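Chain by chain, the residues:
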Amino acid sequence: MERLIEGHKHFLSAVFPTRKHQFKLLAERQAPAYLFITCSDSRIVPDLILGTGPGDLFITRNAGNVVPVGSNDVDGVTATIEYAIEVLKVKHAILCGHSDCGALKAALDRKGLEKLPKARRWLSHVEGAFTHRQPPNPADGEHAELASLIRGNVVAQLQNLRAQPSVARAVMEGRLQVHGWYYDILTGRIECWDEQQRTFAVLAV
């Protein structure tokens, strides 16, 4: 805890004073342009990866960057999506998976889940990844099989995202764009799903 407390002290003394005006505005309202749906993995730090800051991203996270379907509308992810689209009026919805994802590892090999009954049930939400598994990329080396499945999960969850009523309506009205990303932890690069070409392409070089 000492590390976190020291970090907060630094924020209060060195960061907050220089951005006081910005935080004053944020205290009164938020107007993010982006909904960012990603994994709970601690290695994924959206503001660091994208150069964003407070108020830029409206983020929802869960194991496997899942957008649940068929859950009787009782889940925080789809509620967050609905709020982002209908209330905050975000312009972009980004579904971002990542390399070495533990949820997809578990989907490939379910050993060791005996003591994780809720996690085991949650994995039903990533079954679509197997249907949309991508061709292995030689650049992924020994992790090519897992990476192809993780990319497949991005495509599957992107379909689930587009199927959300609020998202489908906003896309049809031309006020929302939807994106599917794969972030590689080792290289720091992001790949974007190209719906027309049905493949992933590097977002920036």
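Just above sits the structure.
Here is a short report on the structure shown in this document. (Residues numbered from 1 in each chain as written. Predicted model: local features only at pLDDT ≥ 70, side-chain atom pairs only at ≥ 80, totals over all residues. Heavy atoms only, no water.)

### Thoughts on the overall build of the chain
Across its full length, the chain holds 9 helices and 6 strands. Computed over the C-alpha atoms, the radius of gyration of the chain is 18 Å, within 12% of the 17 Å expected from 2.2 N^0.38 for a compact globule of 205 residues. Across the 205 residues in the chain, those meeting the buried criterion constitute 39%. For the chain, the proportion of contacts with a sequence separation of at least 24, taken over those separated by at least 6, is 61%. With an accessible surface of roughly 12100 Å², the chain has 56% of that area assigned to carbon and sulfur atoms. Averaged over its 24 positive side-chain charges, the chain has a centre that lies 4 Å from the centre of its 22 negative ones. (Helix = DSSP H or I, 4+ residues; strand = E, 2+ residues; numbered from the N terminus. Rg over C-alpha atoms; globule rule 2.2 N^0.38 Å. Buried < 20%, exposed > 50% of the residue type's maximum accessible area, 1.4 Å probe, protein only. Contact = heavy atoms within 4.5 Å. Areas by Shrake-Rupley, 256 points an atom, 1.4 Å probe, with all protein chains shown as cover. Lys, Arg positive; Asp, Glu negative; His and termini not counted. Charge placed at Lys NZ, Arg CZ, Asp CG, Glu CD.)

### Comments concerning the pattern of salt bridges
Applying the stated criterion across every chain, the model contains 12 salt bridges. Its salt-bridge partner being Glu127, residue Arg110 comes within 2.5 Å of it at the nearest N-O pair. Taken together, the residues Arg110 in the loop between helix H5 (102–108) and helix H6 (117–122) and Glu127 in the loop between H6 and helix H7 (128–131) connect sequence positions 17 residues apart. By relative accessible area, which is 37% here, Glu127 ends up partly exposed. For the salt bridge of Glu195 with Arg198, the shortest nitrogen-to-oxygen distance reads 2.5 Å. One connected set of salt bridges, linked through shared partners, spans Asp41, Arg43, Asp100 and Lys105. (Salt bridge = Lys/Arg side-chain N within 4 Å of Asp/Glu carboxyl O.)

### Some details on the nonpolar core
The biggest cluster of nonpolar side chains holds 38 residues, and the ones touching the most others in it are Leu35, Ile81, Leu104, Leu161 and Leu176. Contributions of two or more residues to this core are made by strand E1 (34–39), helix H4 (76–86), strand E3 (92–98), H5, helix H8 (144–163), helix H9 (165–172) and strand E4 (177–183). A total of 8 residues in this core trace back to one element, the largest contributor, which is H8. Residue contacts for Leu35: discarding those within four places in its chain leaves Phe58, Thr60, Ile81, Ala84, Val90, His92, Ala93 and Ile94. Judged by nonpolar contacts, the second largest core, of 7 residues, contains Phe36, Ile94, Cys96 and Ile190. (Core = buried A, V, L, I, M, F, W, Y, C linked by side-chain atoms within 4.5 Å.)

### A short note on the layout of surface pockets
The computed volume of the largest pocket comes to approximately 410 Å³. Along its surface, the largest pocket is lined by 18 residues, and Ser99, Asp140, Tyr182, Asp184 and Leu186 are the ones closest to its centre. Considering each element in turn, the lining of the largest pocket owes the most residues, 4 residues, to H8. (1 Å grid on protein atoms, 1.4 Å probe; cavity = no way out; pocket = protein on both sides within 12 Å on 5 of 7 lines; lining within 4 Å. Points joined across faces, edges and corners; volume = space filled by probe spheres on them.)

### Some points on empty space enclosed by the protein
Following the criterion strictly, the structure yields 1 cavity of 30 Å³ or more and no others. Considering only enclosed or pocket space, the largest cavity measures out at about 40 Å³ in volume. Taken together, Phe36, Ile44, Pro46, Ile49, Leu50, Cys96, Trp181, Tyr183 and Ile190 form the lining of the largest cavity. Looking at the lining of the largest cavity, the elements that each hand over two or more residues are helix H3 (46–50) and E4. For the lining of the largest cavity, the element with the highest residue contribution is H3, accounting for 3 residues. Partitioned by chemical class, the residues of the lining of the largest cavity number 9 nonpolar, no polar and no charged. (Nonpolar A, V, L, I, M, F, W, Y, C, P; charged D, E, K, R; others polar.)

### Some thoughts on the sheet that holds strand E2 (residues 57–62)
Strand order in the open sheet formed by 6 strands is E2-E1-E3-E4-E5-E6, and the pairing between neighbours is mixed. Each of the sheet's edge strands pairs with one partner strand only, and the pair in question is E2 and strand E6 (199–202). With strand direction ignored, the average angle separating the axes of adjacent strands in the sheet is 30 degrees. Most of the contacts of H4 go to E2, to which it runs at about 170 degrees, and overall it touches E1 and E2. The strands touched by H8 within the sheet are E1, E3, E4, strand E5 (190–194) and E6, with E4 carrying the most contacts at an inclination of about 165 degrees. (Pairing = 2+ DSSP bridges. Axes fitted to C-alpha atoms, helices over the stretch in contact; angles between N-to-C directions.)

### Section: H4
Among the residues making up H4, those that are buried are Val77, Thr78, Ile81, Ala84 and Ile85. Projected onto a plane normal to the axis of H4, the buried residues spread over an arc of 120 degrees and lie on a single side. The elements touched by buried residues of H4 are E1, E2, H8 and H9. (Arc of directions from axis to C-beta.)

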